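Coordinate inspection notes
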Amino acid sequence: MAAQEPEDGPRRLAPPVLPPQIIEQMDAIQSMSRISALLESQMLMTAFQPIYGLAGRNVVGVEALSRFVSDDGAAAELWFAEAAAVGLGANLEFSALGSAAAAARDLPEHLYVSLNISPSSCIDPRLPELFAHIDLPIHRVVLELTDSISDEEYLQFIAAINPLREKGLRIAVDDAHSGAGDLSRMIHLRPDFIKVGRNVISRVDSDGLQRALAACLVDFSDQIGSTLVAEGVETVGELKVLSQLGISAGQGYLLGRPSVRPQDWATWNKQLDVDVLERQLRERETASGSAPPKKSR
């Protein structure tokens, strides 16, 4: 006679509980495998977004934004964060820079190209080698720092970047990292571009305090010899006030979306007509019944 199973059914062994450090190591190995496969397959594309000079209403440069094949671009920052966490951040950034430099061959030659990079990757000795192997002339390159420079890395950063600046390289910093200490350091660094975002320009046409803040930054950038660029320009009202305040350049969905299409890039040699832009915007809003979408990087 066969033995009967207990009433509550056959017993199953519980899976072993792995120590947290083992789980972290397994996750890191998986991340390294994903990033390495991405680098080997060269699954990177570049979208360019136009940057307009607000005085002449002409495109003066572009920002290069990484896009991953089969991805809408929203997860790009997650890929870079994952790569940095497993020590492959510079590898992925250099791959993105190389991709952008190759794509820039189809841009009008008078435009500068702003490439996003972390301060730690600027210290990497492979950076000068990159400029020796790409077709994009160094005087057209702007390195846009994606983070503030740590105290520990600052002297190394200056030592690494100054020889490249002497050859024509330019740098840009973001006002998102402009605490009191960073503002003081900015006077010493003297970046070629300071980029301000929605925290500064939002409602600049209707809020007196926002307008005063923007005016202070215009004066500050003038004093240190930097070009002030407004990011995330969304309304014609903002555009007009930013121009009146003397902000040098602007980018945002109002002025042009990021595009991976060379046929779009070829149109960036026409002067911007604000009246036509305002009329087109009203027509689109009337047709869709909604406001224009906000920029997503």
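Sequence positions are assigned chain by chain, starting from 1 and proceeding in written order. Residues qualify for local features only when their pLDDT is at least 70, as the model is predicted, and side-chain atom pairs are given and counted only at 80 or more; totals for whole chains, interfaces and linings, by contrast, use all residues. Derived side-chain values reflect all non-hydrogen atoms in the structure, with water molecules and hydrogen atoms excluded from consideration.

1. Considering the overall build of the protein chain
Helix and strand labels come from DSSP, where a helix needs a run of H or I of at least four residues and a strand needs a run of E of at least two; each type is numbered from the N terminus. When its secondary structure is counted, the protein chain shows twelve helices and eight strands. The contact definition used throughout considers only heavy atoms, calling two residues in contact when any of these lie within 4.5 Å. Pairs at least 24 apart in sequence give 69% of the contacts found in the protein chain among residues at least 6 apart. Residue exposure ignores everything except the shown protein chains as possible cover, and the areas themselves are Shrake-Rupley values with a 1.4 Å probe. Of the accessible surface of the protein chain, which amounts to about 16,100 Å², a share of 53% is contributed by carbon and sulfur atoms.

2. Topic: the pairing of strand β1 (residues 44-53)
In regular strands, side chains alternate between the two faces of the sheet. In this scheme, a residue with accessible area under 20% of its type's maximum is buried, one over 50% is exposed, and one in between is partly exposed, where area comes from a 1.4 Å probe on protein chains only. With nine of its ten residues buried, β1 lies for the most part within the structure. Strand pairing is assigned whenever DSSP identifies at least 2 bridges connecting the two strands. Strand direction decides the pairing type here: β1 and strand β2 (residues 58-68), joined by ten bridges, are antiparallel. Residue tyrosine 52 lies in a different strand from β2, and its bridge partner there is valine 59. Linking β1 to β2, which pair antiparallel, is a turn of four residues; within it arginine 57 sits at a positive phi near 60°.

3. Let's talk about the packing of aromatic side chains
Paired rings are identified among Phe, Tyr and Trp, the last through its six-membered ring, by centres lying within 6.5 Å, and are further divided according to the angle between planes into stacked (under 30 degrees), edge-to-face (over 60) and tilted (the rest). Counting across every chain of the model gives two aromatic pairs. For the ring pair phenylalanine 48 and tryptophan 265, a centre distance of 4.8 Å and an interplane angle of 75° mean the geometry is edge-to-face. Taken together, the residues phenylalanine 48 in strand β1 and tryptophan 265 in helix α11 (residues 262-265) connect sequence positions 217 residues apart. Phenylalanine 48 sits in the buried class, given a relative accessible area of 0%. By relative accessible area, which is 2% here, tryptophan 265 ends up buried. Arranged with centres 5.0 Å apart and planes meeting at 40°, the rings of tyrosine 112 and phenylalanine 193 form a pair that is tilted. Here phenylalanine 193 lies in strand β6 (residues 193-196) and tyrosine 112 lies in strand β3 (residues 112-117), a separation of 81 residues in the sequence. The exposure class of tyrosine 112 is buried, given its relative accessible area of 9%. In this structure phenylalanine 193 comes out as buried when scored by relative accessible area, which is 7%.

4. Some points on unusual backbone geometry
A positive phi is found at arginine 57, a non-glycine position, where the angle reads about 60°. Phi at arginine 203 is positive, roughly 60°, even though this residue is not glycine. Tracing the sequence through the fold places arginine 203 in the loop between α8 (198-201) and α9 (208-224). By relative accessible area, arginine 203 is classed as partly exposed at 43%.

5. Re the environment of aspartate 124
Mapping aspartate 124 onto the fold places it in the loop between α4 (119-123) and α5 (126-133). Spatially, the C-alpha atom of aspartate 124 lies 9.4 Å from that of phenylalanine 157, the residues being 33 residues apart in sequence. Those residues in contact with aspartate 124 that sit more than four places away from it in its chain are Ala90 and Phe94.

6. Comments concerning the confidence of the model for the protein chain
Confidence scores per residue from the predictor, reported as pLDDT, run from 0 to 100. Here the protein chain shows a mean pLDDT of 83. Residues at 70 or above account for 78%. When the criterion is pLDDT under 50, residues 292-297 qualifies, and its contacts beyond four places in sequence or with other chains add up to 22 contacts.

7. Digging into the side chain of serine 121
Relative to the helices and strands, serine 121 is located in helix α4. Since its relative accessible area comes to 2%, serine 121 is described here as buried.

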